[in-house]
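# Fold and contact review
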Amino acid sequence: MSTNGSVFDRAKGLFLHYAKPLKLDERHPGTKILERLTTPDKIMAFRLSLQMDDGSVQVFPAYRVQFNDDLGPYKGGLRFHPQVTLEEVKALAFWMYLKTAVVNIPFGGGKGGITVDYKSLSTAEKERLTKKFAIVLANDIGENTDIPAPDVNTGPQEMAWMSHAWRMSTGQYNRAMITGKPLDLGGSLGRTEATGHGCAITMLEAARDAGIDPNGATMVIQGFGNAGRYAAIEMGHQGTKTIVASDSRAAVHNPDGLDVQALIEHKDKTGSVANFPGGKTMDPNGVLTAECDFLVPAALEDCITAEIAPKIQAKIIGEAANGPTTQDAIHILYERGITVIPDVLANSGGVTVSYFEWVQNRQEYYWTREEVIDRMRARLVNAYREIADRAKAEDTSLRQAAYENAIERVVRAALERGAQ
Ligand code: NAD
């Protein structure tokens, strides 16, 4: 499998690789089903002009890609980052519709973004830019069409601005048109911790299958941010020790287990895990290959490469990040018998609770945190079991089985709907 081409080309290559055993063209001749599943339904690329606080004007490229809605309205986050490109947004939208299908929630997939150094803007500039983005897209998003959510550099504040701008543009009050909102505006309890918590749920299922007792087991986290820290907390509840944690500036380790709560407080206060008094500094290059039972890449794409994969010592990898393992490395890890819970399953707790937020908004009736977490656990355990059973029956990887499950679900819906 090539590592050349854009991130979207690679995502498509991976999809075609995993779709191959399903022989879709042979089983559904004349439907162009593969083309339909690998081409976005609609691409919106536009310019956003922003008046800066000093009166000058800056212009930023912006995108929303609606990839596939065969199983339900488009769903996917908004990334405001200087490296956002249309190809990246297409790839992320592609993965979204597979992810929603993996956990069997009634959504398709989309993604949006603005190519902007968002962190350098003032709060007022951020608000104007985000609201403008919502106004341009007002007719293309909505609770039954396309439901945005947070992604890199966007959070509850941006969702609140988006929802208010949409309400002013359309004249409608509708909480379910966006998820990841603050609780006051209809957000769901349990959303903040959902991705990391969900990753832990899937790793615990994999540990049970592999005969690994989480109590006393060790874990390494690359990227001690939102997803990483909640995975550490939840695994800690099962007795697993987080012995290494890193971020973009540093890595710390403690063979007896880091005090996760103290590390969170330290990172929130200082902005980094660096200089954490409860651990020793280590070379960040040694994080992924450190000896441990569970490894959680929770930061970057393409960090587990063919060079690193042969040296990994973990028994189970939970891909909290999107696309952390290159295609070559995927094969190496599989040959080495390391269990890899693929991103489309391991980090799907976030979109699952986003779905619950949408459900609660539509009924205007709100669940307790325990209800949210219990329902998420039920969905993820069910998805994990379906995938693990298929992988076992077909003697293949969890990733192959997850893609096959997702693709079959979307294909059934697409063919039932007929040609678009
Ligand atoms: P975040 O910004 O809260 O945390 C990311 C962490 O990674 C930060 O602590 C950052 O310092 C660290 N990091 C960056 N570069 C690093 C490097 N080179 N080495 C080690 N650490 C590094 O982001 P997040 O929301 O936790 O997202 C992390 C990953 O999980 C992303 O790939 C994201 O797409 C994926 N994800 C997140 C969610 C969610 O709900 N938060 C849902 C699905 C997928």
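Data block above holds the structure.
In this report, we go over the structure that sits alongside the text. Values in this document were obtained by computation on a predicted structure and should not be read as measured data.

All right, on to the packing of aromatic side chains then. Summed over the entire model, instances satisfying the criterion amount to 15 aromatic pairs. Centre to centre, the rings of F67 and F94 are 4.7 Å apart; their planes meet at 5 degrees, and the pair counts as stacked. Residue F67 is found in strand β2 (residues 57-68), and its partner F94 is found in helix α4 (residues 86-102); the two are separated by 27 residues along the sequence. You'll find F67 and F94 in the same group, each marked buried. Ring plane angle 35 degrees and centroid distance 5.8 Å describe the contact between F94 and Y97, whose orientation is recorded as tilted. Taken as a pair, F94 and Y97 lie in helix α4 at a separation of three residues, close to a single helical turn. Judged by its relative accessible area of 1%, F94 is buried. Judged by its relative accessible area of 2%, Y97 is buried. These aromatic residues form a ring-pair network of at least three members: F8, F15, F67, F94 and Y97. The ring centre of F107 lies 6.0 Å from the NZ or CZ of K75, which sits over that ring.

It is worth spelling out the layout of surface pockets at this point. Here the second largest pocket is characterised by a volume of approximately 460 Å³. Together, 22 residues line the second largest pocket, and T339, A391, T396, S397 and L398 are the ones closest to its centre. Elements with a minimum of two residues in the lining of the second largest pocket: α7 (191-210), α10 (327-335), β12 (339-341), α13 (369-394) and α14 (398-417). Per-element tally for the lining of the second largest pocket: the top contributor is α13, with six residues. Residue composition of the lining of the second largest pocket, by class: 12 nonpolar, four polar and six charged.

Ranked by size, the top nonpolar core spans 92 residues in total, and within it F15, L98, M203, F224, F294 and I407 carry the most contacts. The element that contributes the greatest number of residues to this core is α4, accounting for 11 residues. Two domains share this core, each providing at least three of its residues, namely domain 1 (41-185) and domain 2 (188-420). If sequence neighbours within four positions are ignored, I407 has contacts with F15, A19, L22, L24, L37 and L98. Among the nonpolar cores identified, the runner-up in size contains 26 residues, and M52, L121, M177 and I178 belong to it.

What follows concerns the pairing of β2. Bridge count between strand β1 (residues 42-51) and β2: 10 bridges; the pairing is antiparallel. When the bridges of β2 are listed, F46 appears paired with A62. Between β1 and β2, which follow one another and run antiparallel, lie five residues, and G55 among them has a positive phi close to 95 degrees. Looking at chain direction, β2 and strand β4 (residues 109-115) are connected through six bridges and run antiparallel. In the sheet register, V65 faces β4, and the bridge partner there is K111.

Further remarks concern the sheet that holds strand β6 (residues 218-222). Strand-to-strand pairing in sheets goes through backbone hydrogen bonds, with the strands running parallel or antiparallel. The sheet built from seven strands is open, its strands ordered β9-β8-β7-β6-β10-β11-β12 with mixed pairing. Strands with a single pairing partner mark the edges of an open sheet, and in this sheet they are β9 (280-282) and β12. Taken over all neighbouring pairs, the strand axes of this sheet differ in orientation by 25 degrees on average, direction set aside. Where β6 lies against strand β10 (residues 294-297), four bridges are found, and the strand directions are parallel. Bridge assignment links Q222 to a residue of β10, and that residue is P297. Of the strands in this sheet, β6, β7 (241-246) and β10 are in contact with helix α8 (residues 226-237), which crosses β6 at around 170 degrees.

Structurally, T396 is set in the loop between α13 and α14. Residue T396 is classed as partly exposed on the basis of its relative accessible area, which comes to 23%. Sequence separation of T396 and Y334 is 62 residues, and the distance between their C-alpha atoms is 8.8 Å. Residues contacting T396, with those up to four places away along its chain left out, are Y334, A391 and A401.

A separate point is the site of the ligand. Close to the ligand lie 20 residues, the nearest being T195, N226, A227, S248 and N322. Taking A227, its main chain carries an N or O atom lying 2.8 Å from an oxygen atom of the ligand. About the coverage of the ligand: the protein hides 70% of its 820 Å² of free accessible area. The set of elements that each furnish at least two residues to the shell around the ligand consists of α7 and α8. Split into classes, the residues belonging to the shell around the ligand amount to seven nonpolar, nine polar and four charged.

About the thresholds
- Residues numbered from 1 in each chain as written.
- Predicted model: local features only at pLDDT ≥ 70, side-chain atom pairs only at ≥ 80, totals over all residues.
- Heavy atoms only, no water.
- Phe/Tyr/Trp six-rings, centres within 6.5 Å; stacked < 30°, edge-to-face > 60°.
- Helix = DSSP H or I, 4+ residues; strand = E, 2+ residues; numbered from the N terminus.
- Buried < 20%, exposed > 50% of the residue type's maximum accessible area, 1.4 Å probe, protein only.
- Lys NZ or Arg CZ within 6 Å of the ring centre and 35° of its normal.
- 1 Å grid on protein atoms, 1.4 Å probe; cavity = no way out; pocket = protein on both sides within 12 Å on 5 of 7 lines; lining within 4 Å.
- Points joined across faces, edges and corners; volume = space filled by probe spheres on them.
- Nonpolar A, V, L, I, M, F, W, Y, C, P; charged D, E, K, R; others polar.
- Core = buried A, V, L, I, M, F, W, Y, C linked by side-chain atoms within 4.5 Å.
- Domains from an automatic or database assignment.
- Contact = heavy atoms within 4.5 Å.
- Pairing = 2+ DSSP bridges.
- Axes fitted to C-alpha atoms, helices over the stretch in contact; angles between N-to-C directions.
- Near = heavy atom within 4 Å.
- Polar contact = N/O pair within 3.5 Å; in protein donor to acceptor, adjacent residues only side chain to side chain.
- Areas by Shrake-Rupley, 256 points an atom, 1.4 Å probe, with all protein chains shown as cover.

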